[in-house]
Every structure is written in C-alpha cells, then in structure tokens.
Amino acid sequence: MRIAVFCSSSPTIDSKFIDLAFELGAGIAQSGAELVSGGGHISAMGAISRGARSQGGRTIGIIPQKLVDIEFADHDSDELIVVDSMRTRKAKIEDLSDAFITLPGGLGTLEELFEIWVGRYLKFHDKPVIILDPHGVFQPLHALVEHLESENFVKPGMRDLLHWTTTVEEAVAIAHGKK
C-alpha cells in the first residue's frame, strides 16, 4: 500500500502545518503503508518524509531535475525518482499510489488535488481522494465546491468523491479503505 501526500513546500507557513505533516507521515508509516511524495526536503513536504522515516516507514520521492538542481531534493528518501517535468512527476505519483491525501497548501497543492479528483470522477482511477484539514484552511474551498454544485458547475456525485477529514487517523483509515 502506497499513500501519496500533496502539500506545501513553502518555507513561510506556520509551524502547525509542519507538525501536521510530520504526524501524517508517522501515521502513514505506522499503518504499514509507504509514503509517496513530491521528493522535496523543505517545509511540509520534507516533514512528511521525516515523520514516515521516524517510524521506520519507506519513502518514495518523485522530483523534477530542475528542483534537484536547486538543492530541493530529499536525498534521504529510500527511493528518489528524478523526472523531467512537473507533469511527469504528477503522473508517476498517480501511477505509484493507492490513495491520495491533501494537506493545506497553495496553488501547486490545489492543482494536484483538482487533477487527481477530476481523474477519479472521470474513472481514470478509483483511488481514495482525501483532504486532511484540522485547522479549517480549506473551509472556504469546501463551501465553494458546495456552491458550484448548487449552481450545476460541479456535477452530482462529484463532491462526494472527496473525503474531508480533520484527523490523521481518519485520513489514513479512509486511505486504507476502512471508512
């Protein structure tokens, strides 16, 4: 079982998001799953991998060469896969993973979430898509998705493919198909 995590690589986010990422990484490892990440070593992205490794978990990082060149790579990953582009990175993450958990993040995180969610809706995969948001950062997004559905821009059933969670335990359980 491999669980991908989409999250922030910004060094300016509040430390509570770094702590959450570390806790999620540890929870993934404790569940017996491997972690698939974007292969970076800073901010929440690095914290997830450190959390997984703190519990003996295996980490797989997938990172474009351009980010390796600017010393962004998590060279402590058990497996670091270097690809040629962000598009290739996202495709490889999707191929290797059995579930996807999104933590609070910015535009890159949202892009990854939306792409994997649309792929699920269009039946390109049937893997769980989970949002872990204990601090309510994505509450306006949740409300927007509901509003878009009420205006018929989001099709019936599409919103139901997202699992909104507030605890690591719940997110990991859904990833494993236990909820």
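Residues numbered from 1 in each chain as written. Predicted model: local features only at pLDDT ≥ 70, side-chain atom pairs only at ≥ 80, totals over all residues. Heavy atoms only, no water.

Some details on unusual backbone geometry
1) Next: The phi dihedral of Ser43 falls on the positive side, at around 55°, and the residue is not glycine.
2) Next: Counting through the fold element by element, Ser43 comes out in helix H2 (residues 43-54).
3) Next: For Ser43, a relative accessible area of 11% corresponds to the buried category.
4) Next: For Glu71, which is not a glycine, the phi torsion comes out positive at approximately 65°.
5) Next: Tracing the chain through its elements places Glu71 in the loop between helix H3 (65-69) and strand S4 (79-83).
6) Next: The class of Glu71 is exposed, set by a relative accessible area of 68%. (Helix = DSSP H or I, 4+ residues; strand = E, 2+ residues; numbered from the N terminus. Buried < 20%, exposed > 50% of the residue type's maximum accessible area, 1.4 Å probe, protein only.)

Structural notes on the pairing of strand S2 (residues 34-37)
1) Next: The pairing of strand S1 (residues 2-6) with S2 spans 3 bridges and is classified as parallel. Looking across to S2, one finds that Arg2 is bridged to Glu34.
2) Next: Considered for its hand, the β-α-β crossover made up of S1, helix H1 (residues 15-30) and S2 is right-handed.
3) Next: The sheet contact formed by S2 and strand S3 (residues 59-64) spans 3 bridges and is parallel. Bridging across to S3, Leu35 finds its partner in Thr59. (Pairing = 2+ DSSP bridges. Right-handed = clockwise from strand over helix to strand, strands pointing away.)

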